[in-house]
Amino acid sequence: TQLLEQSPQFLSIQEGENLTVYCNSSSVFSSLQWYRQEPGEGPVLLVTVVTGGEVKKLKRLTFQFGDARKDSSLHITAAQPGDTGLYLCAGYSTGNQFYFGTGTSLTVIP
Amino acid sequence: ETGVTQTPRHLVMGMTNKKSLKCEQHLGHNAMYWYKQSAKKPLELMFVYNFKEQTENNSVPSRFSPECPNSSHLFLHLHTLQPEDSALYLCASSLRLARDTQYFGPGTRLTVL
């Protein structure tokens with residue numbers, strides 16, 4: 001079983017569309033990170049959220065941490081081909097174990 | 001991002017070779033990690049070091065041997081690998097163990113023939 005489940009697993013959209021990626025767990029997390037990974041490269045940190053209900057914005061990307069700190073979402077507005085990549089959520093459970101999500105592979109078609 | 005560097009970026013080796021992967025972090029972190037990422041699989045944590053001491057070994061075969069001479073450097077020594085060991089090997093570091101954001105290197109793409 002995977003502690004952090006991401007949905008959807010694959011997403012292919014047209015340039016300019018909006019999308020939301022979800023990261024869900026039945027466990028509480030003390031913090032959650034979102035990373036983007038391109039093929040053959042390491043994951044690059046996008047954001048860390050630590051407070052329940054927290055919302056962070058990074059240009060066209062909006063990240064939200066659920067009130068109960070069990071889930072998170074990533075919303076991209078007006079997606080661009082440069083947003084293409086594997087999006088990974090990850091975080092520390094309250095037991096201080098670090099878990100990676102199952103990943104969402106995003107393709108933005110020009 | 002040059003906070004965590006890994007060399008080499010690509011490595012092809014035979015099953016009888018011995019090679020080493022190197023990771024260096026310039027972030028002043030105290031914890032370092034090795035991960036394995038195979039095609040279409042989630043990242044697998046292999047080893048964890050905190051202040052140069054190994055704190056976790058996730059049942060990794062002995063053909064993988066880590067070494068952490070100081071908090072800034074981490075090595076993964078490889079010998080008699082199998083083709084199924086071909087993967088992207090990622091190094092990461094965090095300021096403190098088990099609580100701070102992990103920052104990743106670019107990875108070493110390993111192919112075992």
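Residues numbered from 1 in each chain as written. Chains lettered and ligands numbered in written order. Predicted model: local features only at pLDDT ≥ 70, side-chain atom pairs only at ≥ 80, totals over all residues. Heavy atoms only, no water.

Participant: I'd like a description of the sheet that holds strand E1 (residues 4-7) of chain B, backed by residues and values.
Facilitator: All names here are of chain B. If you trace the four strands from one edge of the open sheet to the other, you get E1-E3-E8-E7, paired in antiparallel fashion. Of all strands in the sheet, those bounded by a partner on one side alone are E1 and strand E7 (64-70). Here the average twist between neighbouring strands, direction ignored, is 20°. Sheet topology note: the strand E3 (residues 18-25)/strand E8 (residues 73-79) ladder contains seven bridges and is antiparallel. Bridge pairing in E8 places Leu 21 opposite Leu 76. (Pairing = 2+ DSSP bridges. Helix = DSSP H or I, 4+ residues; strand = E, 2+ residues; numbered from the N terminus. Axes fitted to C-alpha atoms, helices over the stretch in contact; angles between N-to-C directions.)

Participant: Just give me the short version of the sheet that holds strand E6 (residues 55-58) of chain A, but keep the residues and values in it.
Facilitator: Residue and element names in this part refer to chain A. The strand order across the open sheet formed by five strands is E1-E3-E8-E7-E6, and the pairing between neighbours is antiparallel. Pairing within the sheet leaves two strands with one partner each, and these edge strands are strand E1 (5-7) and E6. Adjacent strand axes in the sheet meet at a mean angle of 15° when their direction is disregarded. Two strands pair when backbone bridges link them, and E1 and strand E3 (residues 19-24) are joined in this way by three bridges, in the antiparallel orientation. Across the sheet, Ser 7 pairs through a bridge with Tyr 22, a residue of E3.

Participant: Give me the lowdown on the packing of aromatic side chains, citing residues and values where you can.
Facilitator: Considering all chains together, one arrives at 11 aromatic pairs over all chains under this definition. Seen in terms of ring centroids, Tyr92(A) and Phe98(A) are 4.6 Å apart; in terms of plane orientation they differ by 50°. Their pairing is tilted. Neither residue differs from the other here; Tyr92(A) and Phe98(A) are each classed as buried. Where Phe64(B) meets Tyr89(B), the ring centres are 5.8 Å apart and the plane angle is 35°; that geometry is what we call tilted. Of this pair, Phe64(B) sits in strand E7 while Tyr89(B) sits in strand E9 (residues 87-94); the two residues are 25 residues apart in sequence, bridging distant segments of the chain. Residues Phe64(B) and Tyr89(B) agree in their burial class; the two are buried. Aromatic rings pair up to connect Tyr35(A), Tyr92(A), Phe98(A), Phe100(A), Tyr33(B), Tyr35(B) and Phe104(B) into one cluster. (Phe/Tyr/Trp six-rings, centres within 6.5 Å; stacked < 30°, edge-to-face > 60°. Buried < 20%, exposed > 50% of the residue type's maximum accessible area, 1.4 Å probe, protein only.)

Participant: Tell me about the environment of Phe75(B), and please be specific about residues and values.
Facilitator: Residue and element names in this part refer to chain B. As for its position among the elements, Phe 75 is in strand E8. Taking C-alpha positions, Phe 75 is 13 Å from Ser 93, a pair spaced 18 residues apart along the chain. Not counting chain neighbours up to four residues away, the residues in contact with Phe 75 comprise Leu 21, Lys 22, Trp 34, Ser 65, Pro 66, Glu 67 and Pro 69. (Contact = heavy atoms within 4.5 Å.)

Participant: Hey, could you go over the interface of chain B and chain A for me, with residue numbers and the actual values?
Facilitator: Contacts between the two partners involve 19 residues from chain B, matched on the other side by 16 residues from chain A. Of all residues in chain B, the largest losses of buried area upon contact with chain A belong to Ala98(B), Thr101(B) and Phe104(B), amounting jointly to 31% of the total for that side. Viewed at the interface, chain A and chain B are joined by one salt bridge. In this assembly, chain B and chain A are joined by eight residue pairs in polar contact (both at pLDDT 80 or more). (Buried area = accessible area lost by both parts, 1.4 Å probe. Salt bridge = Lys/Arg side-chain N within 4 Å of Asp/Glu carboxyl O. Polar contact = N/O pair within 3.5 Å; in protein donor to acceptor, adjacent residues only side chain to side chain.)

Participant: Any chance you could break down the nonpolar core for me, citing the residues and the numbers?
Facilitator: One recurring pattern in soluble globular proteins is that nonpolar side chains are buried together. By size, the foremost hydrophobic cluster in this structure holds 22 residues, and its most contacted members are Trp34(B), Phe64(B), Leu76(B) and Leu78(B). Listed by contribution, the elements that provide at least two residues to this core are strand E2 (10-13), E3, strand E4 (31-37), strand E5 (44-50), E7, E8, E9 and strand E11 (108-112) of chain B. With sequence-adjacent residues up to four places away left out, Phe64(B) is seen in contact with Met46(B), Phe47(B), Leu76(B), His77(B), Leu78(B), Leu81(B), Asp85(B) and Tyr89(B). Within the second largest apolar cluster, 21 residues are counted, among which are Leu19(A), Val21(A), Phe29(A) and Tyr87(A). (Core = buried A, V, L, I, M, F, W, Y, C linked by side-chain atoms within 4.5 Å.)

Participant: Give me the pattern of salt bridges: which residues, what numbers.
Facilitator: One pass over the structure, following the stated rule, counts five salt bridges over all chains. Where Arg9(B) meets Glu41(A), a salt bridge forms, and the shortest distance between an N and an O atom there is 3.2 Å. Of the two residues, Arg9(B) is situated in the loop between E1 and E2 and Glu41(A) in the loop between strand E4 (29-37) and strand E5 (44-49); the pairing between them involves two chains. Look at Arg9(B) and you get partly exposed, because its relative accessible area is 30%. Here Arg63(B) ties to Asp85(B) by a salt bridge, and the two come within 2.7 Å at their closest N and O atoms. Within this pair, whereas Arg63(B) is found in the loop between strand E6 (53-57) and E7, its partner Asp85(B) is found in the loop between E8 and E9, the two being separated by 22 residues in sequence.

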